[in-house]
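# Fold and geometry: a report
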Amino acid sequence: MSDDKDFDFDGRKKKIENFEVEINDASLDKEPMEDLMSYSDGGKKTRGSGRRKASKNAPTVKKSPQNAKLFKMVWIGMIAAVCIMLGQFVLFGTLDMLAITRQDDTFSVEIPKGASKSQVVDILRENGVINQPTFFKLYLFFTKGSQKFIPGTFEIKANLDYEAIVNYLQSNANRIDTDIVDVTIPEGKNVMEIAAILESNEICSAEEFMGACKSSEFDKDYSFLKERKSAADTIYRLEGFLFPDTYSFYKNVEPKTVIKKFLNNFNNKISKKLITDESNEKVSIKTVAERKSMPIEDLIIIASMIQAEASNDADMLGIASVIENRLSTSKNGGLSPFGDAINSCLCIDSTVWYPYRNKDKAPEEVRENYESPYDTYKKRGLTPGAICNPGMAAIEAVLNHKSTQYYFYCHNKEGKTFYAKTFSEHNVNLKKAGIS
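Values in this document were obtained by computation on a predicted structure and should not be read as measured data. (Residues numbered from 1 in each chain as written. Predicted model: local features only at pLDDT ≥ 70, side-chain atom pairs only at ≥ 80, totals over all residues. Heavy atoms only, no water.)

## Examining the packing of aromatic side chains
- In total, this model carries 20 aromatic pairs according to the counting rule given.
- Where phenylalanine 136 meets tyrosine 162, the ring centres are 4.6 Å apart and the plane angle is 80 degrees; that geometry is what we call edge-to-face. Linking phenylalanine 136 in helix 6 (residues 133-142) with tyrosine 162 in helix 7 (residues 162-169), this pair joins segments that are 26 residues apart in sequence. Exposure class is identical for phenylalanine 136 and tyrosine 162. Each is buried.
- Aromatic ring contacts, followed pair by pair, group Phe209, Tyr247, Phe249 and Phe262 into a single cluster. (Phe/Tyr/Trp six-rings, centres within 6.5 Å; stacked < 30°, edge-to-face > 60°. Helix = DSSP H or I, 4+ residues; strand = E, 2+ residues; numbered from the N terminus. Buried < 20%, exposed > 50% of the residue type's maximum accessible area, 1.4 Å probe, protein only.)

This is the structure in structure tokens:
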């Protein structure tokens, strides 16, 4: 360190006193001051506004014209590619739908039971019947091809268009498999019993068949169904019209196919000249019913009761007369000529548990309190519909029986019938039959 005498205090003091700082006002940014002033002016301006203004002076990034052009070209290319692919899909799909690109070859195709539409399409593609499965699925979605396909084996040509393929695979007539079953439907079986027979022979599902028998979709095709008046109150609309006979069915078919076969047979039976009238001429059942002013609906209801009650063909004629006599009491104040109160109640045992055959056939949970809407002990007149499917003998018995004065009947265990004119006579017959 230097000595005190060498240090110039006076010079230093003068420099400090003469020190000045010069600030150039033009170089100041006025915006911070404006921001400060804005806080004193009711808070109308915020710090954020100052920041936004300051950002105007920040450097900006400019897109390269070359990059923008490349971006547009990529977008145009993507759109063009999508359009081309969509155009190819529609073009090739349309050609396949019209069978323009397919050869005149024949293929064997097996459709399994319960196959979905998607599975059927895959089978057709695998066997070379179609080339565009996705387009075929769209066709099924937008057309009637959404219906179920019939299981079985088919020989089908590849030069068929989509509509022809669908129609071909929905017809049993085109099946080449020999999986055909002959089934006999006995007289007097009801819908539930027929359904069980069909299912046991692998023809169709019992549940689906019973469901179809409740449908009104067949009414438009058959006048005897269309003209019915009480169909809405029936349990099974088609009960009585499934004519008992021997039929040949393919296995695993739609219930609708089976039902149409039944109904067509019934229509033939009532339309053909199969019975002899009073003048010994051959006439149809429909003609005789019209002469007697009896609707086909009523004819089949009565015939079904006769079929269910009679022990043999001869017994059918007697029971037919009893039913006719009991119904006629409505014209006499409900009384028979012998003074018994009938009130048009038919009192047919076979109606009590319908649609079940008897109490034992009814489900256990409803057995004790079950009340059938067909119970002729509690309801007057005819039942809403038939209780079984009658054969020709029962139908003829309704039309050709002789008049009697019987109003009651019963059977013993051997099937012998006891007829009575009065209730007191009927009680005697019940004892003879071993019933009471």
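Following the structure, the description resumes.
## Regarding the environment of leucine 169
- Relative to the assigned elements, leucine 169 resides in helix 7.
- Given the relative accessible area of 0%, leucine 169 is considered buried.
- Counting along the chain gives 15 residues from leucine 169 to phenylalanine 154, while the straight-line C-alpha distance between them is 7.4 Å.
- Those residues in contact with leucine 169 that sit more than four places away from it in its chain are Val120, Leu124, Phe149, Ile150, Phe154 and Ile156. (Contact = heavy atoms within 4.5 Å.)

## Remarks on the pairing of strand 5 (residues 273-276)
- Alignment of strand 5 against strand 6 (residues 282-284), held across three bridges, turns out to be antiparallel. In the sheet register, isoleucine 275 faces strand 6, and the bridge partner there is valine 283.
- Turn length for the strand 5-strand 6 hairpin, with the two strands adjacent in sequence and antiparallel, is five residues, and the turn residue asparagine 280 shows positive phi of about 65 degrees. (Pairing = 2+ DSSP bridges.)

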